[in-house]
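# Descriptive analysis of the structure
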Amino acid sequence: MLDRGVPLLRRTFLALGPALGAALLLPERAHASSLLGLNLEELVERSAWIGLAETVARQSEWADDGGRRRIVTRTRLLHREIWASPSGSASEAESEVITWGGRVGRVAQKVHGEAQLPSGAPLLLFLSGEDAAARRVVGLGQGEFRLREQAGRQKLEPVDPALGGALLHSGKSRNGKSGGGGGKPLAFERLHGLGPREARGLIEQRWQELGR
């Protein structure tokens, strides 16, 4: 499966052309070491696809970013359960997700707070972008959670627990901009420890409230 996925990633990557830059735009940062935190409602509102998926292949390439060469990684995901999506994408079997950073040869680049999309465990993902071949994780690492088996039941946890210390809640950041969350608990906190059934119920309820 991995061998078949890598050529697919490369073909899609090369075909994107000018659209690649728009897909790779990073969300607003409050300052160099912090991200604007999103509550669950905001994560759902900014998503085009939400559900459980599994990483099956990835490929890193060099790309032009405003005159600078940077590494981007395309990760192929197989959809395990679709929790929320537009009706036209309900039958999609996979997505390809773009993230900044990765390794090409001996060169490695890492972007603070970026989604990691690890393999080996089901992931709850909040993905933006209508094009299944060029999606992004909403809020960088805020939009990915891992399913862990604990005491005989599955629970969600952030893929990168350390990211929580870099998220700004509602209020003012150091540069005077409003923090995130809208006065509600951040999704990073709200989903941590929930079982998949409970989390899915909250997400589907918000999706329906949005009239999608």
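Before going further, it helps to examine the overall build of the protein chain. The helix and strand tally for the protein chain stands at five helices and twelve strands. Classification of the 212 residues of the protein chain by burial places 49% in the buried group. Of all intrachain contacts in the protein chain linking residues separated by at least 6 positions in sequence, the fraction that spans at least 24 positions is 69%. Accessible surface, the protein chain as shown: approximately 10500 Å² in total, 49% of it carbon and sulfur.

As a further point, take the pattern of salt bridges. Taken as a whole and judged by the stated rule, the model has 14 salt bridges. Between Asp 65 and Arg 70 there is a salt bridge; the shortest N-O distance is 3.1 Å. For Glu 209, the salt bridge identified is with Arg 206, shortest N-O distance 3.4 Å. Remark: Arg 206 and Glu 209 occur in helix 5 (residues 196-209); sequence separation between them is three residues, near one turn of the helix. Because the salt bridges share partners, they merge into one network encompassing Glu 45, Arg 206 and Glu 209.

Let us now look at the pairing of strand 11 (residues 153-158). Each regular strand displays side chains that alternate between the two surfaces of the sheet. Note: strand 10 (residues 144-150) against strand 11, six bridges, orientation antiparallel. Looking at strand 11, one finds that Leu 147 is bridged to Leu 156. Counting the residues that bridge the hairpin from strand 10 to strand 11 gives two residues, and of these Ala 151 lies at a positive phi of roughly 50 degrees.

Counted according to the given criterion, the structure contains one aromatic pair. Here Arg 70 stacks its cationic end above the ring of Trp 100, 4.0 Å away from the centre of that ring.

Before going further, it helps to spend a moment on the side chain of Thr 73. By the secondary structure assignment, Thr 73 is in strand 4 (residues 68-84). In this view, Thr 73 contacts Arg 58, Gln 59, Ser 60, Val 97, Ile 98, Thr 99, Gly 101 and Gly 102; residues no more than four positions away in its chain are not counted.

Our focus in this paragraph is helix 5. Here helix 5 spans 20 Å end to end across 14 residues, near enough to the 20 Å set by a 1.5 Å rise per residue. Along helix 5, the residues classified as buried are Ala 199, Ile 203, Arg 206 and Trp 207. Projected onto a plane normal to the axis of helix 5, the buried residues spread over an arc of 105 degrees and lie on a single side. Opposite the packed face of helix 5, turned more than 90 degrees from it, sit the exposed residues Arg 197, Gln 208 and Glu 209. Residues of helix 5 that are buried make contact with helix 3 (40-45), strand 3 (49-65), strand 4, strand 8 (123-128) and strand 11. The first or second residue beyond helix 5 is Gly 211, which carries a positive phi of 70 degrees.

Positive phi is not limited to glycine here, since Leu 117 has a value of about 50 degrees. Checked against the element boundaries, Leu 117 lands in the loop between strand 7 (107-109) and strand 8. Positive phi is not limited to glycine here, since Ala 151 has a value of about 50 degrees. Take Ala 151: it is sitting in the loop between strand 10 and strand 11. Among the residues examined, Ala 151 registers a relative accessible area of 89% and is labelled exposed.

What follows concerns the side chain of Glu 114. Mapped onto the fold, Glu 114 is located in the loop between strand 7 and strand 8. A residue is classified by how much of its surface remains accessible, and Glu 114, at 7% relative accessible area, is buried. Separated by 2.9 Å, the side chain of Glu 114 and the backbone nitrogen of Trp 100 make a polar contact. Within polar-contact distance, the side chain of Glu 114 engages the side chain of Arg 136 at 3.2 Å.

What counts as what
- Residues numbered from 1 in each chain as written.
- Predicted model: local features only at pLDDT ≥ 70, side-chain atom pairs only at ≥ 80, totals over all residues.
- Heavy atoms only, no water.
- Helix = DSSP H or I, 4+ residues; strand = E, 2+ residues; numbered from the N terminus.
- Buried < 20%, exposed > 50% of the residue type's maximum accessible area, 1.4 Å probe, protein only.
- Contact = heavy atoms within 4.5 Å.
- Areas by Shrake-Rupley, 256 points an atom, 1.4 Å probe, with all protein chains shown as cover.
- Salt bridge = Lys/Arg side-chain N within 4 Å of Asp/Glu carboxyl O.
- Pairing = 2+ DSSP bridges.
- Phe/Tyr/Trp six-rings, centres within 6.5 Å; stacked < 30°, edge-to-face > 60°.
- Lys NZ or Arg CZ within 6 Å of the ring centre and 35° of its normal.
- Expected span 1.5 Å × (residues − 1).
- Arc of directions from axis to C-beta.
- Polar contact = N/O pair within 3.5 Å; in protein donor to acceptor, adjacent residues only side chain to side chain.

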